[in-house]
Amino acid sequence: MAKVKIVGIKGMNDMLPEDAAIWEKFEDTARSIAASYGYRQIRTPILEATQLFTRGIGEVTDIVEKEMYSFTDSMNGEALTLRPENTSAVVRCAIEHNLTYNAPQRLWYFGPMFRHERPQRGRYRQFHQFGCEALGFNGPDVDIELLAMTSRLWKALGIEARLELNSLGALEERAAHREALIAYFEKHADILDEDAKRRLHTNPLRILDTKNPEMQEMVNAAPKLLDFLGEESLAFLAKLEAGVQALGINYSINPRLVRGLDYYNHTVFEWITDKLGSQGTICGGGRYDPLIEMLGGRPTPAVGFAIGAERVIELVRETAGDVVKADCDVYIAHQGGHTEMVARQIGEKLRDCGKRVIVHAGSTSFKSMMKRADQSLAQWCVICGEGEVNENCVSVKRLRDAAGNQQFAEQMKVEIDQVTELFGQ
Ligand code: HAM
């Protein structure tokens, strides 16, 4: 049969076992911090109806216009999309299961998202987000809580990031600002690039987000949404700022921060680092009070964020190096036959005591077993040799201390019944 070489899809990465420890560190830390604020996990499918995202994220956004993996289900003709983000899906789920009927909800999720972007460092076609969504809270108290939570996560992971805040105000304020923006951009039509011209009447706010150097000066001088905010929106922003300041979190107001999804109002924010080149936003979020009603639910305020896991993991690696984790605490070597059974029995007992144990499999040459034991980074090696086992004993050798430093201690002979006592505490 002819051999075929099948490789992974561009922009979609494998997570290899040597990376597992750093991913687990990120996931465990994020999960436990979310739980410490009373957030509970929610899982939704990776596939959703395409309409959920076109309506939720907005027709004239980069994601919907050019980045979605959408297809028609050949069985029933349904239009489906691999989720490019999870806020819309969490809202769909909350409406469908009436989650906010009795009480507001604090929710978190972790999982893969899909966007057909041009792959580069920190930007992939399958990437992972850790996100939190607080449904049913008027804010800005919960907005502040989410910022405190993300700030705590960076500290726990040893990451430095700066917080940028902005307010997108209420619908009518954005409408007035939009009119002023269109008039301003029309006056400068000669400077607008093709993308900006296309968005002029559909989504002029997104023109503010342009990376085109030739448009920067003109865009910097464009009417600012902050100048269109009424009393209520300004008071909301002032409360948010006071809350963030009271927690000692540094931030700056970026009037040009508009975010790439259409569902936001009032609070928007991003956490940014300079260490990842052009893809430095490690977390983005904000308030999306209109979304639940837009997707068919009862009007319910909401706010949330999502963190790009790959970007954060790269940062953790850059600042703290690789996170090395031993495969097991105890490696058990044996000489096959009866000694293998004894090795297994000891292994089960040690697992009962909470130890992570590898019982050697494969060649029983002493050299290859000791090599495997060493590669596993175990602290201890238990050797079930024929002679010792016949005397109801095994040999125990300390390979590393708790910090992972190699030890060169002598082997000691221990009675089989005593082994669990040695490691059990
Ligand atoms: P977003 O800004 O589109 O917001 O994505 C959030 C984060 O996901 C980004 O800041 C970035 O770290 C990461 N990210 C986005 N695209 C990619 C990619 N192609 N490769 C790697 N990382 C990526 C949202 O998705 C909203 N749902 C956030 C939210 C939750 N707003 C309210 N609640």
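Remember, predicted model here, so these are calculated numbers, not experimental data.

## Here we look at the site of the ligand
The immediate surroundings of the ligand are formed by 26 residues, with E85, T87, E117, Y124 and Y264 found nearest. Here an oxygen atom of the ligand and a side-chain polar atom of Q129 are 3.0 Å apart. Coverage of the ligand by the protein chains reaches 96% of its 660 Å² of free accessible surface. For the shell around the ligand, the secondary structure elements donating two or more residues are β6 (126-135), β10 (281-287) and β11 (302-308). Broken down by element, the residue count for the shell around the ligand peaks at 6 residues, all from β10. Across the shell around the ligand, the residue classes break down as 10 nonpolar, 9 polar and 7 charged.

## Here's the deal with the packing of aromatic side chains
Tallied over the full model, the rule gives 7 aromatic pairs. Ring centres 6.5 Å apart and planes at 80° place the aromatic pair F26 and F130 in the edge-to-face group. Here the residue F26 occupies a position in helix α1 (residues 20-36), and F130 occupies one in strand β6, the gap between them amounting to 104 residues. When its relative accessible area of 1% is taken as the criterion, F26 is described as buried. The interplanar angle of 70° and the centroid separation of 5.9 Å between the aromatic rings of W154 and W271 together place this pair among those described as edge-to-face. Of this pair, W154 sits in helix α5 (residues 141-157) while W271 is found in strand β9 (residues 265-272), placing the two residues 117 residues apart along the sequence. For the pair W154 and W271, a shared accessibility class is recorded, and that class is buried. Through a chain of ring-to-ring contacts, three or more aromatic side chains come together here, namely F26, W108, F110 and F130.

## Topic: the pattern of salt bridges
Within this structure, the stated rule accounts for 28 salt bridges. Ionic pairing is found between D62 and R199, a salt bridge with its closest N-O pair at 2.4 Å. You can see D62 sitting in helix α3 (residues 62-67) and its partner R199 sitting in helix α7 (residues 194-199), a full 137 residues away along the chain. For the pair D62 and R199, a shared accessibility class is recorded, and that class is buried. Salt-bridge contacts for E348 lead to R351; the nearest nitrogen and oxygen are separated by 3.0 Å. Placement of the pair is E348 and R351 together in helix α12 (residues 338-352), with a separation of 3 residues, close to one helical turn. Judged by its relative accessible area of 46%, E348 falls in the partly exposed class.

How each quantity is defined
Residues numbered from 1 in each chain as written. Predicted model: local features only at pLDDT ≥ 70, side-chain atom pairs only at ≥ 80, totals over all residues. Heavy atoms only, no water. Near = heavy atom within 4 Å. Polar contact = N/O pair within 3.5 Å; in protein donor to acceptor, adjacent residues only side chain to side chain. Areas by Shrake-Rupley, 256 points an atom, 1.4 Å probe, with all protein chains shown as cover. Helix = DSSP H or I, 4+ residues; strand = E, 2+ residues; numbered from the N terminus. Nonpolar A, V, L, I, M, F, W, Y, C, P; charged D, E, K, R; others polar. Phe/Tyr/Trp six-rings, centres within 6.5 Å; stacked < 30°, edge-to-face > 60°. Buried < 20%, exposed > 50% of the residue type's maximum accessible area, 1.4 Å probe, protein only. Salt bridge = Lys/Arg side-chain N within 4 Å of Asp/Glu carboxyl O.

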